[in-house]
Amino acid sequence: NAAAAHQVFGATLVVTGSLQKNGDRLRLIANLVDAVKRRQIASRTIDATLANITEIQDTMADRVAEMLALNLNPEARRALAAGRTTVAAAYEAYAKGLGYLQGRRADDFALAGGLFEVAVQKDATYALAYASLGSANLGRYNSSHDAKFLEQARAACQRALELNAELPETRLAMAMLYSQTGKFEEAVRELT
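Everything numeric in this text was worked out from a predicted model, so none of it was measured.

K.L.:
Got a sec to walk through the overall build of the protein? Specific residues and values, please.
P.N.:
When helices and strands are counted, the protein shows nine helices and three strands. For the protein, the sequential pattern of α-helices and β-strands runs α-β-β-β-α-α-α-α-α-α-α-α. The C-alpha atoms of the protein give 17 Å as radius of gyration, which agrees with the globular expectation for 192 residues (16 Å, within 12%). Taken along the three principal axes of its C-alpha coordinates, the protein extends 45 × 35 × 35 Å. Counting all 192 residues of the protein, 39% fall into the buried class. Residue pairs at least 24 apart in sequence account for 45% of intrachain contacts in the protein once pairs closer than 6 positions are excluded. The distance from the centre of the 22 positive side-chain charges to the centre of the 21 negative ones in the protein is 4 Å.

Spelled out as structure tokens, the structure:
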């Protein structure tokens, strides 16, 4: 949340959001929050269908940039598009999985992992879904100490890096895995 982002990272502005689904219709809401005063500054809503998932992602990036008074150059647009999927079912599973990944119970990690598995089955080139699958399996390992989840996390993080080593999410997932296994120097290298 905005308060935690301010406390941990020193962020003064935070973008929060939600995704609501009704049949094949989606409503995405993005909010710009002043993390110091803890108040909402701006909000944007997008209504769309799952069929045009790439357009939704581009539109949301434009709306967030608008709230931040940023002009996105072509390089920034390419960076924002990196790691995306054009497969609606993969994105839907990924987005649902992200919601469960925010939880801290073993069941949340299991549900998130299952949804990320669906996402990568629908789109085997979806680097963000692989990175999140790694994080979910790492959460499952932390809850159960079952080594199979640690190995599954390692495999998913490695696949994410193979697909796109430039994505911050792939590097962060691998760094968290290294950190969890006591490989702190490797973790730092992933993040620098």
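This is not the end of the story, as more comes after the structure.
K.L.:
Would you mind going over the sheet that holds strand 3 (residues 39-49) in detail, with residue names and values included?
P.N.:
Ordered in space as 1-2-3, the three strands form an open sheet in which the pairing is antiparallel. For this open sheet the edge positions go to strand 1 (13-22) and strand 3, each flanked by a neighbour on one side alone. Neighbour-to-neighbour, the strand axes of the sheet open up by a mean angle of 15°, direction not taken into account. Pairing of strand 1 with strand 2 (residues 25-34) involves 10 bridges; the strand directions are antiparallel. Across the sheet, residue Q20 finds its bridge partner in strand 2, namely R27.

K.L.:
Residues and numbers for the layout of surface pockets, please.
P.N.:
A volume near 2000 Å³ is recorded for the largest pocket. Around the largest pocket, the lining is made up of 49 residues, and of these Y94, L98, Q102, L128 and E169 lie nearest the centre. In terms of residue count, the dominant contributor to the lining of the largest pocket is helix 6 (residues 127-144) (seven residues). A per-class count over the lining of the largest pocket returns 34 nonpolar, 11 polar and four charged.

K.L.:
Provide a residue-level description of the pairing of strand 3, including the pertinent values.
P.N.:
Pairing geometry for strand 2 and strand 3, over 10 bridges, is antiparallel. Across the sheet, residue L26 finds its bridge partner in strand 3, namely A48. In this antiparallel pair of consecutive strands, strand 2 and strand 3, the connection spans four residues, and R38 shows a positive phi of 55°.

K.L.:
Describe a nonpolar patch on the surface, and please don't skip the residues or the numbers.
P.N.:
A surface patch of nonpolar side chains, about 400 Å² in accessible area, is lined by L13, V15, I41, L68 and L70. Following the sequence through the fold, L68 ends up in the loop between helix 2 (53-67) and helix 3 (74-81).

K.L.:
Residue-level account of the nonpolar core, with values.
P.N.:
Core analysis: the biggest nonpolar cluster contains 45 residues, and Y94, F116 and Y126 have the highest contact counts within it. For this core, the secondary structure elements donating two or more residues are strand 2, strand 3, helix 2, helix 4 (88-101), helix 5 (106-122), helix 6, helix 7 (147-163) and helix 8 (168-180). Examining the composition of this core, we find that nine residues originate from one element, helix 6, more than from any other. When neighbours within four sequence positions are excluded, Y94 is seen to be in contact with F116, A119, Y126, L128, A129 and S132. The next biggest cluster of nonpolar side chains, apart from the first, holds five residues, and it includes A2, V14, V33 and A35.

Reading the values: rules and limits
Residues numbered from 1 in each chain as written. Predicted model: local features only at pLDDT ≥ 70, side-chain atom pairs only at ≥ 80, totals over all residues. Heavy atoms only, no water. Helix = DSSP H or I, 4+ residues; strand = E, 2+ residues; numbered from the N terminus. Rg over C-alpha atoms; globule rule 2.2 N^0.38 Å. Buried < 20%, exposed > 50% of the residue type's maximum accessible area, 1.4 Å probe, protein only. Contact = heavy atoms within 4.5 Å. Lys, Arg positive; Asp, Glu negative; His and termini not counted. Charge placed at Lys NZ, Arg CZ, Asp CG, Glu CD. Pairing = 2+ DSSP bridges. Axes fitted to C-alpha atoms, helices over the stretch in contact; angles between N-to-C directions. 1 Å grid on protein atoms, 1.4 Å probe; cavity = no way out; pocket = protein on both sides within 12 Å on 5 of 7 lines; lining within 4 Å. Points joined across faces, edges and corners; volume = space filled by probe spheres on them. Nonpolar A, V, L, I, M, F, W, Y, C, P; charged D, E, K, R; others polar. Patch = residues over 30% accessible without salt bridge, like charges linked within 9 Å, V, L, I, M, F, W, Y side chains within 5 Å. Areas by Shrake-Rupley, 256 points an atom, 1.4 Å probe, with all protein chains shown as cover. Salt bridge = Lys/Arg side-chain N within 4 Å of Asp/Glu carboxyl O. Core = buried A, V, L, I, M, F, W, Y, C linked by side-chain atoms within 4.5 Å.

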